[in-house]
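Observations on the model geometry
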Amino acid sequence: QVQLVESGGGLVQAGGSLRLSCAASGRTFSSYAMGWFRQTPGKERAFVAAISWIGGNTNYADSVKGRFTISRDNAKNTLYLQMNSLKPEDTAVYYCATDRTSSLYSTSSRYDYWGQGTQVTVSS
């Protein structure tokens, strides 16, 4: 099994920045890519960004392109999401997840293991 723990969420003013972290443990050798998703009440869990663990290829949702940056620290087995120029519509619970392929899917059903999420709230 793979265990994922998100951290770094909180309250920030519009235009501000936050960096989310996702620490991975367990059988992470079977995970070739990881992604960030977010969910608000009444909405489906939406894709934010994904990255391949070895090659570092990335994929971003159009809504965050140019503002968010996904990265990973191989030595620490940690995934990051740097969020800049935050908007109120970015408010959501953010989840990290693993994918056993390196396809950088934007569909949540393609991911195998999920963290419990961290709340991000952006005030106007």
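That block above? That's the structure.
I will try to describe carefully the structure that is included in this document. The numbering scheme is per chain: residues are counted from 1 as the chain's sequence reads. The model is predicted, so local features are restricted to residues of pLDDT at least 70 and side-chain atom pairs to those at 80 or more, both for listing and for counting; the totals for chains, interfaces and linings are taken over all residues. Processing note: side-chain calculations cover all non-hydrogen atoms of the structure and skip hydrogens and water entirely.

What to know about the overall build of the chain
This is how the line gets drawn: To qualify as a helix, a DSSP run of H or I must reach at least 4 residues; to qualify as a strand, a run of E must reach at least 2; elements of each kind are numbered from the N terminus. Between the two quantities, the radius of gyration covers C-alpha atoms and the globule rule is 2.2 Å times the number of residues to the power 0.38. Only protein chains enter the calculation, and the probe is 1.4 Å; a residue is then buried if its accessible area is under 20% of its type maximum, exposed if over 50%, and partly exposed in between. By the convention used here, residues are in contact when the closest approach between their heavy atoms is within 4.5 Å. His is not counted, nor are the chain ends; Lys and Arg add positive charge and Asp and Glu add negative charge. One atom stands in for each charge, and that atom is NZ of Lys, CZ of Arg, CG of Asp or CD of Glu.
Regarding its fold elements, the chain presents zero helices and eleven strands. Start at the N end of the chain and walk to the C end: the helices and strands fall as β-β-β-β-β-β-β-β-β-β-β. On C-alpha atoms alone, the chain measures out to a radius of gyration of 13 Å, which is about the 14 Å that the 2.2 N^0.38 rule sets for 124 residues. For the chain, the spread of C-alpha atoms along the three principal axes comes to 40 × 30 × 25 Å. The 124 residues of the chain split such that 41% are buried. Sequence-distant contacts in the chain: of pairs separated by 6 or more residues, those separated by 24 or more amount to 57%. For the chain, the centre of its 12 positive side-chain charges and the centre of its 8 negative side-chain charges are spaced 3 Å apart.

Examining the environment of Asn57
By secondary structure assignment, the location of Asn57 is in the loop between β5 (46–52) and β6 (58–60). Residues Asn57 and Ser31, 26 residues apart in the sequence, show an inter-C-alpha distance of 14 Å. For Asn57, the residues in contact, after removing those within four places along its chain, are Ala50, Ile51, Ser52 and Leu104.

Side note on the pattern of salt bridges
Two side chains with opposite charge may pair up if their charged atoms get near one another. Basically, it comes down to this: Each salt bridge in this description consists of a side-chain nitrogen of Lys or Arg and a carboxyl oxygen of Asp or Glu lying within 4 Å of one another.
The full count for this structure, using the stated rule, is three salt bridges. Here Arg67 makes a salt bridge to Asp90, at a shortest N to O gap of 2.7 Å. Here the residue Arg67 occupies a position in the loop between β6 and β7 (68–73), and Asp90 occupies one in the loop between β8 (78–83) and β9 (92–99), the gap between them amounting to 23 residues. On the basis of relative accessibility, which here comes to 11%, the residue Arg67 falls in the buried class. For Asp90, a relative accessible area of 1% corresponds to the buried category. Each of Arg38, Arg67 and Asp90 takes part in one network of salt bridges that share partners.

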